[in-house]
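Next come the chains, spelled out residue by residue.
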Amino acid sequence: MKSYLIFSDLDGSFLHHQNYSYGKNDLVIEKLKKNNHQIIFNSSKTCSEIRIILKALKLTMMPFSCENGATLYFPKTIFKKIKKSQSFEDYWKINLTNKNSIKWYKILKKLKKDFYFELICDLSKKDLLKLTNLKNIKQMLNREASQLIIWKDSKKKLDEFSRMIKINYKGALNQGGRFIQISSPCNKRIATKEICHIYHETFHDKYYQSFIALGDNENDREMLNFAKYACVIKNKYSTPIKLNSLKKNVFYSQKEAPWGWQESLMKLNKKLNGKINL
């Protein structure tokens, strides 16, 4: 029997937006793994942050995407050497962006003269704890391909800033639940497409071509629109996502994360006549 590729955001989708609890989602993951479904985290979090979560959930055999699709990681135990990949510890790593985090830091430092924003990596540990409620700030700051900012200027200036990043520096803005990410153009849809391609190239017909995606925020929108089955997790801390008006097979949770993650998968399982086997 075929299995599904299940792509999921983390903060506000799989994890509680404020305290980062995954509730009983670990039990759901165990059921999914028994049926060989692939749980692929596609998050704005860093590689360091995601690897800690994967270890806790016993998902280290799964690939993942970090920093909003900037970098992809495939475990060597499951995947052979992938075209255009580099070896990184136990993974094959694929960079989908041009500039690294150091280059973006230098660019943003210059732009601070003309725009009012805060660079996350320049804030004190105390301020970062208030903003994120994270215990381990170090992992969040360990960025490879992007920088995070807090915008404090006007909407008009943000539009000007966005144009400048795009035209002058060949970059892009990704609005997340708390911060704006600045990087070379990348998003979760591009990352999802690349991971799907590598799965089907490696395993052929073992997995359904139609995949599942779960998300809660604006930076998940393109991934959700691209998925055959889209699960939108309720999040009172952000503006509701507007998917394409003609989009079918959309499942909205009534509960927030982490409970909404299981709820939406249960709804989808019913629609698919129990094919997910939850």
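In this text, all values refer to a predicted model and were calculated from it rather than measured experimentally. (Residues numbered from 1 in each chain as written. Predicted model: local features only at pLDDT ≥ 70, side-chain atom pairs only at ≥ 80, totals over all residues. Heavy atoms only, no water.)

A. Representation of the overall build of the chain within the structure. Tallying secondary structure elements over the chain gives nine helices and 13 strands in all. For the chain, the C-alpha radius of gyration of 18 Å lies close to 19 Å, the compact-globule estimate for 278 residues. Across its three principal axes, the chain shows a C-alpha extent of roughly 60 × 40 × 40 Å. The proportion of buried residues among the 278 residues of the chain is 51%. In the chain, of all internal contacts separated by at least 6 residues, the share reaching a separation of at least 24 is 59%. For the chain, the exposed surface amounts to about 14000 Å²; the carbon and sulfur share of it is 51%. Separation between the mean location of the 52 positive side-chain charges and that of the 25 negative ones in the chain comes to 3 Å. (Helix = DSSP H or I, 4+ residues; strand = E, 2+ residues; numbered from the N terminus. Rg over C-alpha atoms; globule rule 2.2 N^0.38 Å. Buried < 20%, exposed > 50% of the residue type's maximum accessible area, 1.4 Å probe, protein only. Contact = heavy atoms within 4.5 Å. Areas by Shrake-Rupley, 256 points an atom, 1.4 Å probe, with all protein chains shown as cover. Lys, Arg positive; Asp, Glu negative; His and termini not counted. Charge placed at Lys NZ, Arg CZ, Asp CG, Glu CD.)

B. Inspection of the nonpolar core at higher detail. Of all hydrophobic cores here, the largest spans 34 residues; its most connected members are Phe41 and Ile212. Ranked by residue count, the leading element in this core is helix α2 (residues 47-56), at four residues. Discounting chain neighbours no more than four positions away, the residues touching phenylalanine 41 are Ser8, Leu10, Phe14, Ile29, Ile53, Leu54, Leu57, Leu59, Pro63, Phe64 and Ser65. Residues Phe7, Ala191, Leu224 and Leu243 belong to the second largest nonpolar core, which totals 24 residues. (Core = buried A, V, L, I, M, F, W, Y, C linked by side-chain atoms within 4.5 Å.)

C. Looking closely at the packing of helix α3 (residues 101-111) against helix α6 (residues 155-169). Where α3 meets α6, the axes come as close as 13 Å, and the angle between the chain directions of the two elements is 130°. Relative to α6, the element α3 lies oblique. Note on packing geometry: the crossing formed by α3 with α6 is right-handed. Residues Trp104, Ile107, Leu108 and Leu111 of α3 form the contact with α6, whose own contacting residues are Phe161, Met164, Ile165 and Tyr169. Taken together, the residues of the contact of α3 with α6 break down into eight nonpolar, no polar and no charged. (Axes fitted to C-alpha atoms, helices over the stretch in contact; angles between N-to-C directions. Parallel < 35°, antiparallel > 145°, perpendicular 65-115°, else oblique. Left-handed = near helix turned anticlockwise from the far one by under 90°. Nonpolar A, V, L, I, M, F, W, Y, C, P; charged D, E, K, R; others polar.)

D. Highlighting the packing of aromatic side chains. Summed over the entire model, instances satisfying the criterion amount to 22 aromatic pairs. Seen from their ring centres, phenylalanine 64 and tyrosine 91 are 5.5 Å apart, and the 85° between their planes marks the pair as edge-to-face. With phenylalanine 64 in strand β3 (residues 64-66) and tyrosine 91 in strand β6 (residues 91-95), this pair connects stretches of sequence that are 27 residues apart. Owing to a relative accessible area of 0%, phenylalanine 64 belongs among the buried residues under this scheme. Where tryptophan 151 meets phenylalanine 161, the ring centres are 4.9 Å apart and the plane angle is 40°; that geometry is what we call tilted. Residue tryptophan 151 is located in strand β8 (residues 146-151), and its partner phenylalanine 161 is located in helix α6; the two are separated by ten residues in the primary sequence. What links up through ring pairs into an aromatic cluster is the set Phe74, Phe79, Tyr199, Phe203 and Tyr207. Above the plane of the ring of tryptophan 92 lies lysine 76, whose end atom (NZ or CZ) is 4.8 Å from the centre. Across from the ring centre of phenylalanine 117, 5.2 Å away, lies the NZ or CZ of lysine 112, which sits over that ring. (Phe/Tyr/Trp six-rings, centres within 6.5 Å; stacked < 30°, edge-to-face > 60°. Lys NZ or Arg CZ within 6 Å of the ring centre and 35° of its normal.)

E. Looking closely at the sheet that holds β8. Read across the sheet, four strands follow the order β7-β8-β10-β9 without closing on themselves; strand pairing throughout is antiparallel. Two strands lie at the open edges of the sheet, namely β7 (117-119) and β9 (172-175), each paired on one side alone. Neighbour to neighbour, the strand axes of the sheet diverge by 35° on average, direction disregarded. In terms of strand pairing, β7 meets β8 through three bridges, oriented antiparallel. Within the sheet, the bridge partner assigned to glutamate 118 lies in β8 and is isoleucine 150. Across the sheet, α6 lies against β7, β8, β9 and β10 (180-183), angled at about 130° from β9, the strand it touches most. (Pairing = 2+ DSSP bridges.)

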